[in-house]
Amino acid sequence: MMQRPLPPADYSLKETSPHLGGVASMGDKLTSTYDLVEQMQYLYVRVVKAKDLPAKDVTGSCDPYVEVKLGNYKGTTRHFEKKTNPEWNQVFAFSKERMQASGIEVTVKDKDFVKDDFIGRVLFDLSEVPKRVPPDSPLAPQWYRLEDKKGDKAKGELMLAVWMGTQADEAFPEAWHSDAAAVPSEGLANIRSKVYLSPKLWYVRVNIIEAQDLQVSDRGRYPELYVKAVLGNQALRTRVSPSRNVNPMWNEDLMFVAAEPFEEHLVLSVEDRVGPNKDEVLGKTVIPLQNVDRRLDYKAVNTRWFNLEKHVVVEGDQKKKETKFSSRIHLRICLDGGYHVLDESTHYSSDLRPTAKQLWKPSIGVLELGILTAQGLLPMKTKDGRGTTDAYCVAKYGQKWIRTRTIIDNFMPKWNEQYTWEVFDPCTVITIGVFDNCHLQGGDKALGTRDSRIGKVRIRLSTLETDRVYTHSYPLLVLHQSGVKKMGEVQLAVRFTCSSLLNMLHIYSQPLLPKMHYLHPLSVTQLDNLRHQATQIVSMRLSRAEPPLRKEVVEYMLDVDSHMWSMRKSKANFFRIMGVLSGLIAVGKWFDQICNWKNPLTTVLIHILFIILVLYPELILPTIFLYLFLIGIWYFRWRPRKPPHMDTRLSHADTVHPDELDEEFDTFPSSRPPDFVRMRYDRLRSVAGRIQTVVGDLATQGERLQSLLSWRDPRATALFVTFCLIAAIVLYVTPFSVVALLTGIYVLRHPRFRHKLPSVPLNFFRRLPARTDSML
């Protein structure tokens, strides 16, 4: 049974008023640079080192570690074997919200097989702990004498720093958090906040010109020679050379995507198609990309000859050996730095700069994002028989990706983390995704698990007013096979600050992409293939970071599957086109009402305006621009006050048929039973048939226009040519204003002078021939 859609209000954006920047004293400035998030108080304990610890074992050695305890929360450092002067330098953070004790206990223990021995401890009263506010310098650690359980002096000293601070503290990202006490130490890396950088991507252009002196095994046939180029998991090949000899010519460009640092080499092999599905390698060359020329424009780089090496099997010895011989290949190869390597969907690009840094323009402003909280998250997995969610956020803008810390087992997580990006173009989009962390146990134990999507938010910077803080709660909507589902809401604070308004306004006159995309454009198919390769490289590199930003997360953020066909998206786009055309249709209906004198007063006013414009044609353009100005001013009071958000009605997600959803989530190629595929194929044929008819009708009208002068219908063309001659003479001798006036009055004539039949010009046009007669 299909889920009943939630009321639309539940899918809307909600304005919030969080207490940003923390408490400020009377008239003071904000106490923190974190002014887009709510301040969270933490007790920090930095355990630095110990000295002169007593030997506890029978062997006369000590394996020390430190336990930091506050109420029910307990954090431990790693232990050292046989060391009386250990150095840990670990930080522990306890959230003030969860504090239940009035004192903190820092205990040094000796690791033992049976029971860990107590060495000594240091006690602190929370009321005595100092506060630290950045940009104050970090608190200097001090030596404390260890005490035994009775409070007497024990042997050994411990260096500590204890202070109260906020999440703006430098120690915050690296700290062990009390709310992650249940996570084993190997999983801690997966829950910390991190900043990642996308690898720098280049387009590699390989112009394969020719080869010389190839040694073909069968000299009795004309060789079918082509070049195969492989870079990482990308493989391309040239067409078969038209010159069927051992000195083939191609002069063909192949394009690849490569990422710095260049790990893979470009491998070129010249191959001969000996038979169907049988190719013989005539020679190979390996080119390291570090040695390749980089260029910023379309200036030709120098061509180079590369020797081709051949693998041969020597008689009696089965080992392959490389022997160099005189075959060689002529190439022009370069790294094209003048293009922007697209790794995102072009509609949601967050960066449009060319690869080469020399071509970058200065930044125009700063984007600040405060990731505050989430509400009403749904349980994403089951643990110990109950639903649980371990949520974290990922935001991507430009080359910088950020990941917040994971809040363990909480349907209303509070992150309160703030991040900043440089902005080079306001017409870009920041994407924020919320995910459920399925890797709390560390890497190997969670093999095969994937972090689940909770939802995604996109904000286009150009829709934000400068220097205004937007605080809204965004719905997290995900399309499931059962329909659209609200997974909760995420609360964000966004501010776009512009350094120079003139620079930003100037950008609106500039091309969206770097110049090379327009001067030497790449084809749409080529760009699609290159984008696919770029997203694969980015997701592979980020999944190898430590901790990894996983492949499924990166692909969701980059909209990797956005090009897949779906009936829902096709419908949504069709209705978007209809929405755009509805304005023109409304104008047409209004003009029809004017012509039919539905409101005589309006029609008379239009007559007067029309006569004035005909008599004074120099007023036409000023009137049009003044009218547009007045419309713009009129609409100002209805301007959008909120950033855009995911719209279920626009996406046709709340009314979609279950089978259409199942089709959208089907794999490619299809994994459904043949009957399902046949039914869907028939439905697709019926939809495509309607589209085909509309496209055919448009083509027919265009062909009729062409046939006015093509003498396809000799009588019609003769009539039209005669009409053109008479019209030219009449218009030559009659003032233009008289012709315009007569035409306008005829068009606006009263209904009693109108006929319901189509007009003569329309009848003539509809009778013209199109090329439909010649179609099979």
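Residues numbered from 1 in each chain as written. Predicted model: local features only at pLDDT ≥ 70, side-chain atom pairs only at ≥ 80, totals over all residues. Heavy atoms only, no water.

Asker: Hey, could you go over the overall build of the chain for me, with residue numbers and the actual values?
Answerer: A count of helices and strands for the chain gives 12 helices and 30 strands. A compact globule built from 776 residues would reach a C-alpha radius of gyration of about 28 Å, whereas the chain, at 36 Å, exceeds it by more than 25%. With respect to the three principal axes, the spread of C-alpha positions in the chain is 120 × 90 × 55 Å. Looking at the chain residue by residue over its 776 residues, the buried ones come to 41%. Taking all contacts inside the chain whose residues are at least 6 apart in sequence as the whole, residues at least 24 apart take part in 70%. (Helix = DSSP H or I, 4+ residues; strand = E, 2+ residues; numbered from the N terminus. Rg over C-alpha atoms; globule rule 2.2 N^0.38 Å. Buried < 20%, exposed > 50% of the residue type's maximum accessible area, 1.4 Å probe, protein only. Contact = heavy atoms within 4.5 Å.)

Asker: Let's hear about the confidence of the model for the chain: which residues, and what values?
Answerer: Per-residue confidence for the chain gives a mean pLDDT of 85; residues scoring 70 or more make up 94%. Here residues 1-9 scores under 50 on pLDDT; set against residues more than four positions off or in separate chains, the count is 9 contacts. Counting contacts from residues 23-32, a segment whose pLDDT is below 50, to residues more than four positions away or on other chains yields 12 contacts. (pLDDT = per-residue confidence, 0-100.)

Asker: An account of the sheet that holds strand S27 (residues 429-436) is needed here, citing residue identities and associated values.
Answerer: On the basis of which strands lie adjacent, the open sheet formed by 5 strands has the order S11-S25-S24-S27-S28 and antiparallel pairing. Of all strands in the sheet, those bounded by a partner on one side alone are strand S11 (194-197) and strand S28 (452-460). Within this sheet the neighbouring strands show an average axis-to-axis angle of 20 degrees, counted without direction. Of the pairings in the sheet, the one linking S27 to S28 comprises 8 bridges and is antiparallel in character. (Pairing = 2+ DSSP bridges. Axes fitted to C-alpha atoms, helices over the stretch in contact; angles between N-to-C directions.)

Asker: Can you lay out the sheet that holds strand S1 (residues 14-15) for me, pointing to particular residues and giving the numbers?
Answerer: Across the sheet, 5 strands lie side by side as S1-S29-S30-S21-S26; this open sheet has antiparallel pairing. Two strands bound the open sheet, and with one partner strand each, they are S1 and strand S26 (414-423). Taken together, the 12 bridges between strand S29 (residues 469-480) and strand S30 (residues 483-498) define a ladder with antiparallel strand orientation. Bridged to leucine 476 within S30 is glycine 488.

Asker: How would you explain the nonpolar core if you had to name every residue and give the values?
Answerer: Counting residues in hydrophobic clusters, the biggest one holds 63 residues, and the most contacted among them are Trp401 and Leu492. When sequence neighbours within four positions are dropped, the list of residues in contact with leucine 492 reads Leu369, Gly370, Ile371, Leu372, Ile432, Val457, Ile459, Tyr470, Thr471, His472 and Tyr474. (Core = buried A, V, L, I, M, F, W, Y, C linked by side-chain atoms within 4.5 Å.)

Asker: Run through the UniProt feature "transmembrane region" (unreviewed entry) in the chain, naming residues and quoting values.
Answerer: Under the feature "transmembrane region" (unreviewed entry), the UniProt entry names residues 574-591, 603-636 and 718-748. Spanning residues 574-591, this segment combines 100% helix with 0% strand, and its end C-alpha atoms are found 25 Å apart. End C-alpha atoms of residues 603-636 are separated by 28 Å, and the span's content is 85% helix alongside 0% strand. (UniProt positions renumbered as here; feature names shortened; annotations may be inferred.)

Asker: Can you explain the layout of surface pockets? Please cite residues and give values.
Answerer: Counted as a void, the second largest pocket has a volume near 880 Å³. Lining the second largest pocket are 35 residues; nearest its centre among them are Arg353, Pro354, Leu359, Trp360 and Lys361. Counting residues per element, the lining of the second largest pocket draws most heavily on S26, at 4 residues. Residues belonging to the lining of the second largest pocket are distributed by class as follows: 19 nonpolar, 9 polar and 7 charged. (1 Å grid on protein atoms, 1.4 Å probe; cavity = no way out; pocket = protein on both sides within 12 Å on 5 of 7 lines; lining within 4 Å. Points joined across faces, edges and corners; volume = space filled by probe spheres on them. Nonpolar A, V, L, I, M, F, W, Y, C, P; charged D, E, K, R; others polar.)

Asker: Kindly report on empty space enclosed by the protein, identifying the contributing residues and their values.
Answerer: Following the criterion strictly, the structure yields 4 cavities of 30 Å³ or more and no others. In this structure, the largest cavity occupies an estimated 180 Å³ of space. Taken together, 16 residues make up the lining of the largest cavity; nearest its centre are Leu201, His340, Val341, Asp351 and Gln399. Its residues placed into classes, the lining of the largest cavity shows 5 nonpolar, 5 polar and 6 charged. In this model, the second largest cavity occupies a volume close to 130 Å³.

Asker: Lay out the environment of phenylalanine 172 in plain terms, naming residues and giving numbers.
Answerer: As for its placement among the helices and strands, phenylalanine 172 is situated in the loop between strand S9 (153-166) and strand S10 (176-177). Judged by its relative accessible area of 4%, phenylalanine 172 falls in the buried class. For the pair phenylalanine 172 and alanine 93, spaced 79 residues apart in sequence, the C-alpha separation works out to 7.4 Å. Excluding residues that lie within four positions of it along the chain, phenylalanine 172 makes contacts with Tyr42, Tyr44, Gln167, His177, Arg405 and Glu417.

Asker: A description of the packing of helix H6 (residues 600-615) against helix H11 (residues 736-747) should follow, citing residues and the corresponding values.
Answerer: Helix-helix packing is characterised by the crossing angle of the two axes and by the distance between the axes. With their axes 9 Å apart at the nearest point, H6 and H11 run at an angle of 165 degrees to one another. Taken together, the axes of H6 and H11 are roughly antiparallel relative to one another. At the point where H6 passes H11, the crossing takes the right-handed sense. Between H6, through Phe610, Ile611 and Val614, and H11, the contact on the second element is made entirely by Ser737, Ala740, Leu741, Gly744 and Ile745. (Parallel < 35°, antiparallel > 145°, perpendicular 65-115°, else oblique. Left-handed = near helix turned anticlockwise from the far one by under 90°.)

Asker: Any chance you could break down a nonpolar patch on the surface for me, citing the residues and the numbers?
Answerer: Taken together, the side chains of Ile620, Leu621, Ile624, Phe625, Tyr627, Leu628, Ile631, Trp634, Tyr635 and Trp638 make up a nonpolar region of the molecular surface, amounting to roughly 1100 Å² of accessible area. Structurally, tyrosine 627 can be placed in helix H7 (residues 620-635). (Patch = residues over 30% accessible without salt bridge, like charges linked within 9 Å, V, L, I, M, F, W, Y side chains within 5 Å. Areas by Shrake-Rupley, 256 points an atom, 1.4 Å probe, with all protein chains shown as cover. Salt bridge = Lys/Arg side-chain N within 4 Å of Asp/Glu carboxyl O.)

Asker: Explain the packing of aromatic side chains to me, using residue names and the numbers behind them.
Answerer: Within the structure shown, the criterion is met by 14 aromatic pairs. Every member of this aromatic cluster is reached through a ring pair, and the members are Tyr42, Tyr44, Trp163 and Phe172. It is lysine 83 that lies over the ring of phenylalanine 80; its NZ or CZ is 5.0 Å from the centre. Taking NZ or CZ as reference, arginine 353 lies 4.0 Å from the ring centre of phenylalanine 424, over its face. (Phe/Tyr/Trp six-rings, centres within 6.5 Å; stacked < 30°, edge-to-face > 60°. Lys NZ or Arg CZ within 6 Å of the ring centre and 35° of its normal.)

Asker: So what's going on with the side chain of histidine 340? Which residues, and what values?
Answerer: Among the structural elements, histidine 340 can be located in the loop between strand S20 (320-336) and strand S21 (365-375). Among the polar contacts made by the side chain of histidine 340, one reaches the main-chain carbonyl oxygen of aspartate 351 at a distance of 2.9 Å. (Polar contact = N/O pair within 3.5 Å; in protein donor to acceptor, adjacent residues only side chain to side chain.)

Asker: I'd like a description of the environment of cysteine 62, backed by residues and values.
Answerer: In this fold, cysteine 62 is placed in the loop between strand S2 (41-51) and strand S3 (64-70). Judged by its relative accessible area of 1%, cysteine 62 falls in the buried class. Taking the C-alpha atoms as reference points, cysteine 62 and phenylalanine 636, 574 residues apart in sequence, are found 75 Å from one another. Those residues in contact with cysteine 62 that sit more than four places away from it in its chain are Leu53, Pro54, Ala55, Phe80, Glu81, Lys82, Lys83, Thr84, Asp110 and Ile119.

Asker: Requested: an account of the pairing of strand S13 (residues 225-231), with residues and values cited.
Answerer: Burial of S13 is extensive: 5 of the 7 residues sit out of reach of the surface. Strand direction decides the pairing type here: S13 and strand S14 (residues 234-237), joined by 4 bridges, are antiparallel. Bridge pairing in S14 places alanine 229 opposite leucine 236.

Asker: For the state of the cysteines, give the residues involved together with the corresponding values.
Answerer: This structure, assessed with the given rule, holds 0 disulfides. Take cysteine 498: it sits in no disulfide, and the sulfur closest to it among the cysteines is that of cysteine 427, at 12 Å. (Disulfide = S-S within 2.5 Å.)

Asker: Tell me about the pattern of salt bridges, and please be specific about residues and values.
Answerer: By the definition in use, this model includes 33 salt bridges. Across the pair lysine 299 and aspartate 297 runs a salt bridge, and its minimum N-O distance is 3.9 Å. The exposed category is assigned to lysine 299, whose relative accessible area is 60%. Ionic pairing is found between arginine 405 and glutamate 417, a salt bridge with its closest N-O pair at 2.7 Å. Note that arginine 405 is positioned in the loop between strand S25 (400-403) and S26 and glutamate 417 in strand S26, a separation of 12 residues in sequence. A relative accessible area of 3% places glutamate 417 in the buried class. Counted as one network, the salt bridges with shared partners bring together Arg205, Asp253, Arg295 and Asp336.

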